Amino acid sequence: MISIGSAQIDAWIAAFIFPLARILGFVAAAPLWSMAVVPLRTRLILGLAITLAIAPALPPMPAVAPATPTGLWIMLQQMLVGIGMGFAARTVFAAFDVAGEFMGFQMGLGFATFYDPLRGAQTPVVAEFIDIIAFLLLLAMNGHLLYFATLAQSFVAIPVSATPLATASWLNLVQLGGHIYSAGLLLALPVVVALMITNLALAVLTRAAPQLNIFALGFPLTLLGGFFTLAISLHYMARPMQAIFEIALSAMLGFAVVR
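Residues numbered from 1 in each chain as written. Predicted model: local features only at pLDDT ≥ 70, side-chain atom pairs only at ≥ 80, totals over all residues. Heavy atoms only, no water.

Between its first and last C-alpha, helix α6 (residues 143-157) extends 20 Å over 15 residues, near the 21 Å set by a 1.5 Å rise per residue. Turning to α6, its buried residues are Gly143, Tyr147, Phe148, Thr150, Leu151, Ser154 and Phe155. Down the axis, α6 shows its buried residues gathered within 160° of arc, on one side only. (Helix = DSSP H or I, 4+ residues; strand = E, 2+ residues; numbered from the N terminus. Expected span 1.5 Å × (residues − 1). Buried < 20%, exposed > 50% of the residue type's maximum accessible area, 1.4 Å probe, protein only. Arc of directions from axis to C-beta.)

Turning next to helix α2 (residues 40-54). Taking 1.5 Å of rise per residue, 15 residues should cover 21 Å, and α2 covers 21 Å from first to last C-alpha, within 8% of that figure. Those residues of α2 that sit buried are Arg43, Gly47, Ile50, Thr51 and Ile54. Buried positions in α2, seen along its axis, are confined to an arc of 100° and lie on one side of it. More than 90 degrees from the buried face of α2, the exposed residues found are Arg41, Ile45, Leu52 and Ala53.

Bringing the environment of Thr113 into the picture now. Along the polypeptide, Thr113 turns up in strand β1 (residues 113-116). Along the sequence, Thr113 and Ala127 sit 14 residues apart, while their C-alpha atoms lie 9.4 Å from each other.

Moving on to the nonpolar core. Membership of the largest hydrophobic core comes to 59 residues, with the highest contact counts inside it found for Phe26, Phe93, Phe96, Met103 and Tyr147. Of all the elements, helix α7 (residues 167-208) adds the most residues to this core, at nine residues. Those residues in contact with Met103 that sit more than four places away from it in its chain are Val126, Ile130, Leu187, Ala188, Val191, Leu230 and Met237. (Core = buried A, V, L, I, M, F, W, Y, C linked by side-chain atoms within 4.5 Å. Contact = heavy atoms within 4.5 Å.)

Moving on, we come to a nonpolar patch on the surface. Taken together, the side chains of Trp73, Leu76, Leu80 and Trp170 define a hydrophobic patch exposed on the protein surface, amounting to about 370 Å² of accessible area. For the nonpolar patch, the element with the most residues is helix α3 (residues 69-91), which contributes three residues. You can see Trp73 is positioned in helix α3. (Patch = residues over 30% accessible without salt bridge, like charges linked within 9 Å, V, L, I, M, F, W, Y side chains within 5 Å. Areas by Shrake-Rupley, 256 points an atom, 1.4 Å probe, with all protein chains shown as cover. Salt bridge = Lys/Arg side-chain N within 4 Å of Asp/Glu carboxyl O.)

A few words on the confidence of the model for the protein chain. For the protein chain, the average pLDDT comes to 81, and 90% of its residues sit at 70 or higher. Across the protein chain, α2 holds the top mean pLDDT of 87, while β1 sits lowest at 70. (pLDDT = per-residue confidence, 0-100.)

Moving on to the environment of Met141. In this structure, Met141 sits in the loop between α5 (125-140) and α6. Taking relative accessible area as the criterion, Met141 reaches 26% and is therefore assigned partly exposed. Put simply, Met141 and Thr206 are 65 residues apart on the chain and 47 Å apart in space, counted from C-alpha to C-alpha. In this structure, Met141 is in contact with Leu146, Gln242 and Phe245, ignoring residues within four places of it in sequence.

Below, the structure written as structure tokens:
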């Protein structure tokens, strides 16, 4: 006769509930799945499905009952780690917002905004366009699958335990912000430089021919020049965007420092 004790039941529950806490935290904060248009039920089902798929291949979980204070602490820490990993994956999209806002401001479209139902806020049109390009590129390169693969790898790099993470682990997210600003500026640099040259040319032209109406001539030229440079730059944006996504993947595993 096979007898199953309470310790065995606790081990089975721990092998599922601890990874589930990290995965649900990631799904709640990661791009694509954290959008307002994705129902909460869909996120929950996705988290359960991923946990059931990868739980048998994960390292052994701590021999701690989930209902004990130590078990609750582990669940809370795993949820924070998952949210941090999702936030790291989502933060890189701020680089595309920064690039779009730089481009739009230089082109004279800083005032052009519309309501984005995915974010629930007013978004500059150029920034939204760059975001759409980035999302399509992420899906084209199977980035969503890379996110899940990195999430599964995190259980080896960041084992589930009661040991708290060091402060340097969370400093990883702070340092990511500096990389994002510089990456956004580099993405917008071709358009910004081209429009800067255009403005300098218009300044010289106005100085040489003061009778020209610079306001009637300058806005169409900067707008056309910005769109033309952006159209040319789109062909070369795939590699820098891919590098930004790689930064996100490495930042997701940046919590591996323990006390």
